[in-house]
Amino acid sequence: MASSISIVCPYCGVGCNLDLSLDENGRPVKSSATGRNPDLNGKYACVKGFTVHELLNHPERLTRPCIRSAARLEPVSWEEAIQFASRRLEQISSKYGPESIGMLCSGKILNEEAYLSQKFQRTVVGNNHIDNCARLCHGPSETALRQQLGYGAVSTFLEDFEATETVFLVGAHTTFTYPVIWMKIKKRAKKGGLNLVLADPRETDLVKYAAIHLKVKPGTDIFWINALCKIIINNGWHDRRFCENQTIGFKALCKSIEDLDVDAACQRAGVKRKELEKAAELIHTSKTIFIWGMGLTQHAHGTDNIIALVNLALLTGNIGKPGCGLSPLRGQNNVQGAGDMGALPNLLPGHMEVDDEAARYHVSAIWGADIPAKPGLAAPEMIHAIAEGKIRALYVIGENPVVSEPQSNFVKWMLQKLNLLIVQDIFPIETAKYAHVVLPAATVGEKNGTFTNAARRVQYSAAGLEPPGEAKPDWQILQEIASNMGANWQYTSTEDIWEEIRQAAPVFSGISHSRLKGSPGIFWPCYDESHPGTPRLYEDGFGFRDRRARFLPAELPDILMEPTVEYPFILITGRLLEHFNTGEMSRRSAKLSKLKPSSYLNMNPTDAADAGLCENDHVRITSPHGSVLLPLNIETSMQRGYIFAPIHFSEPNFNSLMSAVPIDPKARMPALKVVPVKVEKQN
């Protein structure tokens, strides 16, 4: 019996390599970073990585399929569950049409499983209504990067952080979200070998390492980024040769901001012009990596925020070179992989457009099935389509829309209107409370296959643990339902599936399971088995026929989330080091729950005093869309007028305060980052 299993961490997008130590019964008793992959995390891991064994052993793991009988979920056999799910899907499709069925795919399952999820939706169900969690975090990043550079992906890798001279960090608290990566940046910043430009309305621990801290007003990023571009152009600090030889649209960019009043833009964004000018001097003379999080994306104009930042990188020539590039902090361990595999309503595997006839022709020949040409609905659109009677069934794999989607009370109502809700997961998540059938899935260490980290590094994760009870790998469950619905899938392993992926998506052609097992990971694109992979994108040009990047206009928003007389505070939501996303995994760790057992609200001391509030008071936060209760924490680092709360708890669920409209028209992303609220003491 093996004494340890080598896995990829199931939490954030860093993709840390961990080892699970097993006891004499073959159960994991310890999670550790043993230095197996010095190219990535070495012997480092965050506190979440060291607790992975806890979630694998947790007594609340789903172990048997269940079907709803009246108000209860009753255990049944796999045969009954598969028959129930497949027959109901067929009946709904027959009565309401294939367009009445949608799928939400996980950013935590294997690449091979994400690939089968979208293949199931497109060929067995017959539409493109498939989406993944990227919609709610970096959908705008994927959209803007694909439009301007060619691929919706990070362009850099870790070695670039050793070569860079300036890190421009916007709307992210990397200590909490990417601690292993931040540790590398912090070491260089401490030694004085790195300039950190920080744009964040909060005064986090990152400020002490920053050369410049731009205390921007949330949601106003286009104003100050455009102003920064204009300062650079007016001073002649742009990279003329790069703009002339490697881009198109430079003159159009200049024209789009020629009437911009820099002082007015600075005032609108809450930053000082002198600080912007200092930032401009830094980035035009030094190798710069631009990093951003959901403080930049989770707005109804999130795509335009990213377009503006990409324009800035192109303007200064900071892409496709050592120590330069663009790096959105992807949130889940395989959210990049889910998009790569085509679990998006507009993309096929390998980032090919679904409305590209040649791409459909290519993939359909491999699948032996036609692929619909019409792009599908995004996740928020599927929820609204339930209200319209257009979506009648939803298949949810490893996602938790009851907690993650905006206006969560509305989401609960909509899920109860469905004719069929299938939930496939490892735990009894909040969404499972409304399911008609629940299917227990295996997780990391219980199945082998691949994950792709945020930097496009494809890695192999081994199996060795028995799934609890009757739980099965997601790919096996999908294949059984597909077979019951008439598909002739004959996969015997994840390697079988991966070999098909290599045929369908040329960017993965050179990556095989056997290569991955003997390597620290391979960066796509990788076109043949002699190809080393591509750690840094765009060194030989951009992903278009003319090999040039695109400047695009960043359109100023018509409406911002701003305080009013009735709602005088701006609530900012964010993440904690100790927890992850909706908390269904991390809150089941005894260690993590002990460190951060519950939610809280951070508020400036003067604001609290003016409102007659004290530390630990229970307060009610009310937005135009809902209200929640939680204890108050007085925090001196908060600016006046702003309050902060973490997102990881189902009680309270702050997404009940957020509006489902408007959504970003380009990326179909709802505004989840900020909302105007009032705060009152709860007696």
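Scroll up to find the structure.
What you see is a predicted model, and the numbers here were worked out from it, not measured in a lab.

Participant: Any chance you could explain the overall build of the protein here in plain terms?
Facilitator: The secondary structure content of the protein amounts to 24 helices and 28 strands. The globule rule puts the C-alpha radius of gyration for 683 residues at 26 Å, and the 24 Å found for the protein is close to it. Each principal axis of the C-alpha distribution contributes one length, and for the protein these read about 70 × 65 × 55 Å. The buried share among the 683 residues of the protein stands at 64%. Excluding contacts between residues fewer than 6 apart, the proportion of contacts in the protein whose partners are at least 24 apart in sequence is 74%. Carbon and sulfur atoms make up 49% of the accessible area of the protein, which totals about 24500 Å². Measuring between centres, the 72 positive side-chain charges of the protein sit 3 Å from its 73 negative side-chain charges.

Participant: Help me understand the sheet that holds strand 19 (residues 449-452), please; the structure alone is not making it clear to me.
Facilitator: The strands making up a sheet associate through backbone hydrogen bonding, with each pair oriented either parallel or antiparallel. Reading across the sheet, the three strands line up as 19-20-21 and stay open at both edges, with antiparallel pairing between neighbours. Each edge of the open sheet carries a strand with a single partner, namely strand 19 and strand 21 (522-523). Judged from the two bridges that link them, strand 20 (residues 457-461) and strand 21 form a sheet pairing that is antiparallel. Considered in strand 21, the bridge of Val-458 is made with Ile-522. Lying over the sheet, helix 3 (residues 111-125) contacts strand 19 and strand 20, oriented at roughly 90° with respect to strand 19.

Participant: What exactly am I supposed to notice about the pattern of salt bridges here?
Facilitator: A side chain with one charge can pair with a side chain of the opposite charge if their charged atoms come near. For the structure on display, the rule yields 35 salt bridges. A salt bridge links Asp-19 to Arg-36; its shortest N-O distance comes to 3.5 Å. Remark: Arg-36 occurs in the loop between strand 3 (28-32) and helix 1 (52-56) and Asp-19 occurs in strand 2 (residues 17-22); sequence separation between them is 17 residues. Accessibility expressed as a relative area gives 35% for Arg-36, which makes it partly exposed. A single network of salt bridges, built from pairs that share partners, joins Glu-60, Glu-584 and Arg-588.

Participant: Is there a simple way to explain the side chain of Thr-156 in this structure?
Facilitator: When you line up the elements, Thr-156 lands in the loop between helix 4 (139-148) and helix 5 (158-163). With residues up to four places along the chain from it excluded, the contact list for Thr-156 reads Phe-161, Ile-289, Cys-324, Gly-325, Leu-326, Ser-327, Ala-455, Arg-456 and Pro-535.

Participant: Before we go on, may I ask you to explain the pairing of strand 13 (residues 325-328) in this structure?
Facilitator: Taken residue by residue, a regular strand's side chains alternate between the two faces of the sheet. Burial along strand 13 is two-sided: the residues Gly-325 and Ser-327 and Leu-326 and Pro-328 are all buried. Sheet topology note: the strand 12 (residues 288-292)/strand 13 ladder contains four bridges and is parallel. Of the residues in strand 13, the one forming a bridge with Phe-290 is Leu-326.

Participant: Even after reading the chapter, I still don't get the packing of aromatic side chains, so can you show me in this structure?
Facilitator: Aromatic ring pairs: the centre-centre distance and the angle between the two ring planes describe each pair. One pass over the structure, following the stated rule, counts 15 aromatic pairs. In textbook terms, an aromatic cluster arises when at least three aromatic residues are bridged by ring pairs, as seen for Tyr-151, Trp-498, Phe-508 and Trp-524. For the cation-ring pair, Arg-392 lies above Tyr-96, with the distance from its terminal atom to the ring centre recorded as 4.2 Å. Residue placement shows Lys-472 over the ring face of Trp-78; its charged tip is 4.7 Å from the ring centre.

Participant: Mind showing me how you'd approach the sheet that holds strand 25 (residues 618-623) here?
Facilitator: In space, the six strands of this closed barrel follow the order 23-27-24-26-25-28, with mixed pairing throughout. The sheet shows a mean angle of 45° between the axes of neighbouring strands, taken without regard to direction. Note: strand 23 (residues 569-574) against strand 27 (residues 642-646), five bridges, orientation parallel. Bridge assignment links Leu-571 to a residue of strand 27, and that residue is Ile-643.

Participant: What should I look at first to understand the nonpolar core in this one?
Facilitator: Nonpolar side chains tend toward joint burial in soluble globular proteins. Counting 117 residues, the largest nonpolar core has Phe-120 and Trp-224 as the members making the most contacts within it. A total of ten residues in this core trace back to one element, the largest contributor, which is helix 8 (residues 221-234). Setting aside residues up to four positions removed in sequence, Trp-224 forms contacts with Phe-168, Val-170, Ala-199, Leu-214, Val-216, Ala-269, Val-271 and Leu-276. Grouped together as the second largest cluster of nonpolar side chains are 72 residues, Phe-161, Leu-198, Ile-383 and Val-403 included.

Participant: Quick question: what am I supposed to make of the packing of helix 8 against helix 11 (residues 262-269) here?
Facilitator: If you want to describe how two helices pack, look at the angle between their axes and the distance between the axes. It is the contact of helix 8 with helix 11, at a shortest axis distance of 8 Å, that shows an interaxial angle of 150°. One finds that helix 8 runs roughly antiparallel with respect to helix 11. Regarding helix 8 and helix 11, the two cross each other, and that crossing is left-handed. Contact residues: helix 8 offers Phe-223, Trp-224, Ala-227, Lys-230 and Ile-231, while helix 11 offers Val-262, Ala-265, Arg-268 and Ala-269. When grouped by side-chain class, the residues that make up the contact of helix 8 with helix 11 number seven nonpolar, no polar and two charged.

Participant: What am I meant to see in empty space enclosed by the protein here?
Facilitator: The rolling of a water-molecule-sized probe over the atoms marks out the regions of remaining empty space. Per the stated rule, a full pass over the model turns up seven cavities of 30 Å³ or more. For the largest cavity, the calculated volume is near 750 Å³. In terms of lining residues, the largest cavity is bounded by 45 residues, among which Lys-108, Gln-332, Glu-399, Asn-581 and Thr-582 are the most central. Secondary-structure elements contributing two or more residues to the lining of the largest cavity are helix 18 (401-404), strand 17 (420-425) and strand 23. Estimated volume of the second largest cavity: approximately 360 Å³.

Calculation notes
Residues numbered from 1 in each chain as written. Predicted model: local features only at pLDDT ≥ 70, side-chain atom pairs only at ≥ 80, totals over all residues. Heavy atoms only, no water. Helix = DSSP H or I, 4+ residues; strand = E, 2+ residues; numbered from the N terminus. Rg over C-alpha atoms; globule rule 2.2 N^0.38 Å. Buried < 20%, exposed > 50% of the residue type's maximum accessible area, 1.4 Å probe, protein only. Contact = heavy atoms within 4.5 Å. Areas by Shrake-Rupley, 256 points an atom, 1.4 Å probe, with all protein chains shown as cover. Lys, Arg positive; Asp, Glu negative; His and termini not counted. Charge placed at Lys NZ, Arg CZ, Asp CG, Glu CD. Pairing = 2+ DSSP bridges. Axes fitted to C-alpha atoms, helices over the stretch in contact; angles between N-to-C directions. Salt bridge = Lys/Arg side-chain N within 4 Å of Asp/Glu carboxyl O. Phe/Tyr/Trp six-rings, centres within 6.5 Å; stacked < 30°, edge-to-face > 60°. Lys NZ or Arg CZ within 6 Å of the ring centre and 35° of its normal. Core = buried A, V, L, I, M, F, W, Y, C linked by side-chain atoms within 4.5 Å. Parallel < 35°, antiparallel > 145°, perpendicular 65-115°, else oblique. Left-handed = near helix turned anticlockwise from the far one by under 90°. Nonpolar A, V, L, I, M, F, W, Y, C, P; charged D, E, K, R; others polar. 1 Å grid on protein atoms, 1.4 Å probe; cavity = no way out; pocket = protein on both sides within 12 Å on 5 of 7 lines; lining within 4 Å. Points joined across faces, edges and corners; volume = space filled by probe spheres on them.

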